[in-house]
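# Architecture and fold: a report
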Amino acid sequence: MGAFLIGVGAICGISTFLAVIIVVADSTIANYGDVKVTINDDKEVIVPGGRPLLASLMEQKIFIPSACGGKGSCGLCKLKVKSDIGDYLPTELPWMSEDEKKQNIRLSCQLKVKKDISIQIPEELFNVKEYLTEVVSLVDLTYDIKQVILRLIESAEITFRAGAYIQFEVPEYELTPEPVYRAYSMASQPSRKNEVELEIRLVPNGLCTTYVFEHLKAGDRVTINGPYGEFHLSDTDKDIVFIAGSSGMAPIKSILYDMLEKNIDRRARYFFGARAVRDLFLVDEMKELEKKFRNFKFIPALSEPLPEDNWMGETGLITEVLDRNLDSGDNIEAYLCGSPGMIDASIAVLTNKGVPEELIYYDKFA
Amino acid sequence: MTEGIAFYAIFFAAIFTNNILLTNYLGMCSFLAVSKEVKTAQGLGMAVIFVLAITSVLNWLAYHYILVPLNLTFLRFIVFIIIIAAFVQLIEMIIERISEKLYASLGIFLPLITVNCAILGVSLFMVIRNYTFVNSFFYGLGSGIGWALAIISMAGIREKMKKSRVPKGLAGAGMALIIAGIMALAFMGFSGMLNIT
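Residues numbered from 1 in each chain as written. Chains lettered and ligands numbered in written order. Predicted model: local features only at pLDDT ≥ 70, side-chain atom pairs only at ≥ 80, totals over all residues.

### Focus: the overall build of chain B
- Each helix and strand counted, chain B has nine helices and zero strands in total.
- Along its sequence from the N terminus, chain B presents helices and strands in the succession α-α-α-α-α-α-α-α-α.
- Here the analysis covers contacts within chain B between residues at least 6 apart in sequence; of these, 82% occur between residues at least 24 apart. (Helix = DSSP H or I, 4+ residues; strand = E, 2+ residues; numbered from the N terminus. Contact = placed C-beta atoms within 7 Å.)

### Here we look at the pairing of strand 12 (residues 195–201) of chain A
Residues and elements named next belong to chain A.
- With respect to burial, strand 12 is a largely interior element, six of its seven residues being buried.
- Relative to strand 12, strand 9 (residues 145–152) is paired through seven bridges, and the arrangement is antiparallel. For Ile145, the partnering residue across the bridge sits in strand 12 and is Arg201. (Buried ≥ 20, exposed ≤ 12 C-beta atoms within 10 Å, placed from the backbone. Pairing = 2+ DSSP bridges.)

### Topic: the sheet that holds strand 10 (residues 165–170) of chain A
Residues and elements named next belong to chain A.
- Here six strands make up an open sheet; going across it, the order is 11-10-13-8-9-12 and the pairing antiparallel. Looking at the sheet topology across the chains shown, the edges are occupied by strand 11 (180–185) and strand 12. For this sheet, the mean inter-axis angle between neighbouring strands, taken without regard to orientation, is 40°.
- In the sheet, strand 8 (residues 129–140) pairs with strand 13 (residues 221–228) via six bridges, with the strands oriented antiparallel. Paired with Glu134 across the two strands is Arg221, which belongs to strand 13. (Axes fitted to C-alpha atoms, helices over the stretch in contact; angles between N-to-C directions.)

### Re the pairing of strand 1 (residues 34–39) of chain A
Residue and element names in this part refer to chain A.
- Bridging between strand 1 and strand 2 (residues 43–48) involves six bridges; their strand directions are antiparallel. By the bridge assignment, Val35 is partnered in strand 2 with Val47.
- Linking strand 1 to strand 2, which pair antiparallel, is a turn of three residues; within it Asn40 sits at a positive phi near 55°.
- With three bridges connecting them, strand 1 and strand 7 (residues 117–120) associate as parallel partners. Across the sheet, residue Thr38 finds its bridge partner in strand 7, namely Ser118.

What follows is the structure, encoded as structure tokens:
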């Protein structure tokens, strides 16, 4: 009994002693006081020092896009640092090209702010906000794609350009011990300021998609932040070729409805690739759009139509269908959204037809 | 205490004949995971040398001045681990404060080695072998240098091997283990020069 008590006492004593040292060190050695972050030479915010820049900015409601949540494994949270903050950390280097190093682009999740710092971020990120939303409806578009409509709470409004994406906050649940963020393109057009429509495809064991498919119900609260992205219709008169597969439908749908509302009447063709009829969705809406536009054509293409589909439309891989339907790349601008494989293959076909690479815009998702 | 062994014998034995990594296969996880580039291997190696040299001494003091008098030697595992973890945490904070450069090259590796079994292994061997205070320090230092030597050579080999054609099934960890085995055989060439166990 005595030995037992002495043992417990000794362990407690040693642990307490060490814990006190760590706590004291944390509040003295690791205490950097408040530091000033100057953003775009204009806005100044005061944050507690010693913490990662990404987290400090997030607390100030300035959201830098980041898919991994600050673990240094996605390489998205890059920004330009104008003051001298020392050399690159080994954890940043894998994400940096030579060009970015010359401009002093850094990974904000790895940088700890210890002294005043001046950074440059794209202006539109100021527009990025966090929104609390309520799930209005969840509709199965196909067996593996769900349409999710979120209404912004307290009649908040989101301002964005068609083609932008938001980040969906997945709260902690059985697959994740901490909140994670996943990016989804908005399928709603900018005039629907009060709500956000997403098209989410089930990824087996995906953290976010499993949550959406198995846990989310109408009436639930969801936190999103956004808008982000550079995938927008450019302001020219060129003919448009849209190419999408699966949930790549979302940003294209947003752009199409936006064009309709703004009376942009450019010639447009929309190639949508799927395996079989059971993978097609929103076909009626697209047919409806064909009637409303003077010069728009929706071309769904099936790569493996089933016998019972009685498919009369285009068949073959999206690249083959594109190759057959596009005579030349003159006066064409292309907008692509889908898997990396589909996008790379489509870019090859388009450049082959003579579409200049700088007129091919795409939004790749893995 | 084993008096007969000179500290320099222990020091050199820990580097060569009794290399903690290649003869005891301790510290294998970070050895395999962080040995892809010489530069990172150097950083980690330095961190291990530093932490091993200091923690062996700290744990020697804790063992002989706290655990032995209280008859609590059976608690050495948990006490050693607590001390190592707290010490590494503290050092990381200090390095981060005093030198940006040192933190970038050494500091970020510290959390990686808190749970490195070589660190605990050295403290336990030092107790089992009844080393004196001075011998423990040199044993820790030598083991650290031996570990660093092994991981840096490994990283050198793996850098060269990027260009060689490794059978698909063996690429990565499989090949690394085979190389580690061959390195261990090579180090066995030193055995017989010294013996400290």
